[in-house]
Amino acid sequence: MPKRGSWRTRFGFYLVAIGSACGLGNLWRFPYVVSENGGGAFVLLYLILALAVGMPLLVAELMIGKSTRKSILGITKQTSGQNQILFRWIARASVVLTFVVLSYYAVISGWVLHFAMQFFAGLVRNTTIDPNDFLRNLLGNGLLQVALASVHLILAWLVVIKGVHEGLEKWIGNMMPLFVFLLIWLVFKSISLDTFANSMRFLFYPDFSKLSYSSLISALGHVFFTLSVGFGTMITFGSYFKETDHIPLAGFRVTIADTVISLMAGLLVFPILLHQSQGRFADPTLLFEALPRLLTQSRIGNLFGLAFFICLYIAALGASIGLFEVIVSNIVDRKKDIKREKAAQWTGVGVLLVSTLPAFSSNFLRQFQINGRGILELIDVFLISWILPIVALGMSLGLSKVLDEKVMAAEFLAPNKVNSAALYGHWKIALRYVIPGVIILGFLLELLGLIL
Ligand code: PFF
């Protein structure tokens with residue numbers, strides 16, 4: 001049996017886990033769902049749910065990964081009885097979800113790559129780009145989107161086939177600090193815009209009347225998405241942990257880092273969006289529409305644009321590598337005779353085929369819309385606000401049954417680590433009751449909204 005890789009350093013885990021958690025969800029999706037749900041009150045809801053629901057589930061995923069040294073599909077083999085049936089279905093659902101999410105994630109990452117290249121070209125030729133044609137040309141060309149998605153998938157694939165050390169830890173580890181550095185620099189630039197005060201008010205002043213019946217489930221879906229829980233990613237990452245690593249602390253740090261990055265993304269993006277769009281920005285393409293328009297107004301716009309899209313691309317690549325790795329490690333754990341390279345190759349081809357659907361949603365399949373939402377947006381809402389919370393519900397119920405009492409206690413109460421009996425009690429209550437309860441409440445409110 002091949003030896004399972006493990007993180008070389010503890011810091012390596014943090015870089016990869018945070019690199020996988022911080023992605024398009026923070027910079028592209030967070031601003032648009034916050035806008036759709038009216039601003040400050042939704043941000044507050046998101047913060048509470050990240051700590052009370054997202055973090056406990058993240059800790060549980062890391063813990064089962066560390067204790068079994070397997071990915072989610074591999075774990076199903078070790079369970080028995082009724083637990084096995086429940087867990088097997090959750091595991092399958094989470095892997096399928098990861099697969100489909102990667103396919104539309106690759107398309108949007110391709111957009112980012114395209115924008116980065118355009119700004120680079122503008123910089124080299126010292127020309128300004130016409131912002132109106134920028135997105136329209138891209139969205140009108142399905143083949144270009146498929147081509148960009150394939151370049152993106154090839155890059156992710158190259159990293160994944162290298163394995164834990166040479167692949168994940170080295171690449172994401174190098175990209176993360178650059179990402180954070182660029183983000184901080186851009187936030188400082190954005191803060192100087194005259195819309196900064198208004199955007200702070202929009203982001204942090206909670207006007208609860210702006211929330212709708214769908215807000216709770218949207219916030220939950222987004223928390224799971226942005227923390228990469230419910231996909232089995234953190235189970236796979238946990239399986240590379242060393243015995244001495246402390247899971248609750250790791251879960252806490254990853255949650256805080258991801259949340260801080262989302263808030264920074266808000267500080268970066270909202271002043272720019274408010275500057276551009278007179279408050280209308282509840283649309284997945286708006287980031288791509290508004291930013292180039294602002295950037296092409298100034299002389300150093302090309303440089304700023306290039307930096308922003310490189311930053312976004314680094315985040316998207318890190319997250320895609322995480323998604324890709326989960327699928328591959330599950331295949332390898334499940335089918336021992338399949339090599340990592342082969343599994344990665346077939347995964348890449350399969351994902352690319354599925355990605356043609358979102359890639360053609362803004363051109364050939366433009367007519368297909370429900371409530372004014374095209375295929376790509378429908379996939380996003382359906383997967384993240386419906387399927388992901390259902391999988392997370394199953395995951396919390398499944399994990400609370402499958403996790404061994406001794407393993408849980410050892411993580412929280414080990415004498416040589418930060419330990420707390422009270423925290424252990426709260427975490428168990430969160431896993432068993434709070435997470436399922438809040439998800440069910442979210443769905444009930446959503447249904448109520450549909451009926452009323
Ligand atoms: N958390 C990533 C984001 O916010 O963009 C998305 C993601 C990456 C989800 C990796 C799941 C995953 F395994």
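Residues numbered from 1 in each chain as written. Predicted model: local features only at pLDDT ≥ 70, side-chain atom pairs only at ≥ 80, totals over all residues. Heavy atoms only, no water.

### What about the confidence of the model for the chain?
Stage number 1. Within the chain, residue pLDDT values average 85, and 89% of them lie at 70 or more.
Stage number 2. Summarising per-element confidence for the chain, the mean pLDDT is lowest in helix α13 (residues 286–295) (72) and highest in helix α10 (residues 215–227) (97). (pLDDT = per-residue confidence, 0-100. Helix = DSSP H or I, 4+ residues; strand = E, 2+ residues; numbered from the N terminus.)

### What about a nonpolar patch on the surface?
Stage number 1. Taken together, Y213, I440, L444, L447, L448, L450, I451 and L452 make up a surface patch of nonpolar side chains, about 840 Å² in accessible area.
Stage number 2. Residue L448 is classed as partly exposed on the basis of its relative accessible area of 38%. (Patch = residues over 30% accessible without salt bridge, like charges linked within 9 Å, V, L, I, M, F, W, Y side chains within 5 Å. Areas by Shrake-Rupley, 256 points an atom, 1.4 Å probe, with all protein chains shown as cover. Salt bridge = Lys/Arg side-chain N within 4 Å of Asp/Glu carboxyl O. Buried < 20%, exposed > 50% of the residue type's maximum accessible area, 1.4 Å probe, protein only.)

### A word on the site of the ligand
Stage number 1. If you check the shell around the ligand, you find 14 residues, and the closest are A21, G25, Y105, F225 and T233.
Stage number 2. The contact in question runs from a nitrogen atom of the ligand to an N or O atom on the backbone of S20, over 3.4 Å.
Stage number 3. A distance of 3.0 Å is found between a nitrogen atom of the ligand and a side-chain nitrogen or oxygen belonging to S228.
Stage number 4. Contact with the protein chains removes 100% of the 340 Å² of surface that the ligand exposes when unbound.
Stage number 5. Mapped onto the shell around the ligand, the elements with two or more residues apiece are α1 (10–21), α2 (24–36), α10 and α14 (301–334).
Stage number 6. When residues in the shell around the ligand are grouped by element, the largest group, three residues, is from α2.
Stage number 7. Taken together, the residues that form the shell around the ligand break down as seven nonpolar, seven polar and no charged. (Near = heavy atom within 4 Å. Polar contact = N/O pair within 3.5 Å; in protein donor to acceptor, adjacent residues only side chain to side chain. Nonpolar A, V, L, I, M, F, W, Y, C, P; charged D, E, K, R; others polar.)

### Digging into the packing of helix α3 (residues 40–68) against helix α18 (residues 421–451)
Stage number 1. Relative to each other, α3 and α18 sit at 120 degrees, their axes nearing to 9 Å. Compared by their axis directions, α3 and α18 come out oblique. Two packed elements cross with a definite hand, and for α3 against α18 that hand is left-handed. Between α3 and α18, the residues in contact are L49, A52, V53, P56, L57, V59, A60 and M63 and W427, A430, L431, V434, I435 and V438, respectively.
Stage number 2. For the contact of α3 with α18, the residue count by class is 14 nonpolar, no polar and no charged. (Axes fitted to C-alpha atoms, helices over the stretch in contact; angles between N-to-C directions. Parallel < 35°, antiparallel > 145°, perpendicular 65-115°, else oblique. Left-handed = near helix turned anticlockwise from the far one by under 90°. Contact = heavy atoms within 4.5 Å.)

### Description of α2
The periodicity of an α-helix, 3.6 residues per turn, causes residues three or four places apart in sequence to face the same way.
Stage number 1. In this model, α2 (13 residues) spans 17 Å end to end at C-alpha, consistent with the 18 Å of a helix rising 1.5 Å per residue.
Stage number 2. Along α2, the sharpest change in direction is near 40 degrees and occurs at F30; proline P31 comes one to four residues later.
Stage number 3. By the criterion of burial, α2 is predominantly enclosed, with twelve of the 13 residues buried.
Stage number 4. For α2, the complete set of buried residues consists of L24, G25, N26, L27, W28, R29, F30, P31, Y32, V33, V34 and S35. (Expected span 1.5 Å × (residues − 1). Bend = angle between axes of the 7 residues up to and from the residue.)

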